[in-house]
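So you can see what is in the structure, the chains are spelled out below.
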Amino acid sequence: MQTLSKISETFLFITLSLIVSIVIISQAGASTLEIPMDVEYSNGTEPAGISPWATATFVDKSPNIVTLTMSAANLVGSEFISVWVFNFNPILDPDLLSFSPVGTLLSGPNTISTGINAFKAGPSKYYDIKFDFPTSNGKSSNRFTAGESLVYDITYTGAGTINVSSFNFESTSGGGDGPYHSALHIQSINPGDKSGWIGNTTVVPEPVSSLLFLSGGALLGFRRYRRT
């Protein structure tokens, strides 16, 4: 029985060790950052669809290029996005970012602007990157509306490199709720053609530190159990 117990303990120890190793390796090589836009913070109106109403996904493409996908998959009816802002690594210069559309964009922004803490999103904090979309509802309207997605390759032309972690920063102080990693303005929310500013409550993947804490704690707990 003692032999079987020792085998079981050894197997459990090896399993926990593998879990810790997998967590470290996967997080070190994490290449995707997802920001689900799921909270209305301006005392405006929540969109009618299912939360998250929009999602931003950053994916590493090469050592200095990150692909950004902005999805309005869960907007409904006439709802559309007029502004979407993001943060950038504060030790780098957002003015040295360039943006190239991937594929044909039916609802491209009027402008893409950059600047350190240059853009305030409603009653929230300050951001470094601003996508400004059409609001006109004329025959040639290119509103960024329900079910659409836009894709951009983002390149940093300054010294150093960027990856998805370069966009995993919270907005700086400027009053109102937050901070958030991103914010957007949704308009034409029925009834009454209302609007609301939307932020995020989480980012995916979770921070490396929390995962390492949980897996490392389990391993240390096993070692203490084995000693006693």
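The structure presented is a predicted model; accordingly, all values stated were derived computationally and were not measured.

**Student:** Account for the pairing of strand E12 (residues 194-199), with residues named and values stated.
**Tutor:** Judged from the two bridges that link them, strand E2 (residues 39-40) and E12 form a sheet pairing that is antiparallel. Across the sheet, glutamate 40 pairs through a bridge with isoleucine 198, a residue of E12. Here four bridges tie strand E11 (residues 182-189) to E12, and the two strands are oriented antiparallel to one another. The residue of E12 that forms the bridge with histidine 185 is tryptophan 197.

**Student:** So what about the sheet that holds strand E4 (residues 65-71)? Which residues, and what values?
**Tutor:** If you walk across this open sheet you meet the five strands as E1-E3-E4-E10-E6, and the pairing is antiparallel. Lying at the two open borders of the sheet, with one neighbouring strand each, are strand E1 (32-37) and strand E6 (97-101). With strand direction ignored, the average angle separating the axes of adjacent strands in the sheet is 20 degrees. Note: E6 against strand E10 (residues 149-156), five bridges, orientation antiparallel. Pairing of serine 98 across the sheet is with threonine 155, part of E10.

**Student:** Explain the nonpolar core to me, and be specific about the residues and the numbers.
**Tutor:** In this structure, Phe58, Met70, Ile81, Trp84, Phe131 and Phe167 are the most contacted members of the largest nonpolar core, which totals 35 residues. Mapped by element, the contributors of at least two residues to this core are E1, strand E3 (54-62), E4, strand E5 (80-86), E6, strand E8 (126-132), E10 and E11. Setting aside anything within four residues of it in sequence, one finds phenylalanine 58 in contact with Ser31, Thr32, Leu33, Ile35, Val66, Thr67, Leu68, Phe86, Ile154, Val164 and Phe167. With nine residues, the next largest nonpolar core counts Val85, Tyr127, Tyr180 and Trp197 among its residues.

What counts and how
Residues numbered from 1 in each chain as written. Predicted model: local features only at pLDDT ≥ 70, side-chain atom pairs only at ≥ 80, totals over all residues. Heavy atoms only, no water. Pairing = 2+ DSSP bridges. Helix = DSSP H or I, 4+ residues; strand = E, 2+ residues; numbered from the N terminus. Axes fitted to C-alpha atoms, helices over the stretch in contact; angles between N-to-C directions. Core = buried A, V, L, I, M, F, W, Y, C linked by side-chain atoms within 4.5 Å. Buried < 20%, exposed > 50% of the residue type's maximum accessible area, 1.4 Å probe, protein only. Contact = heavy atoms within 4.5 Å.

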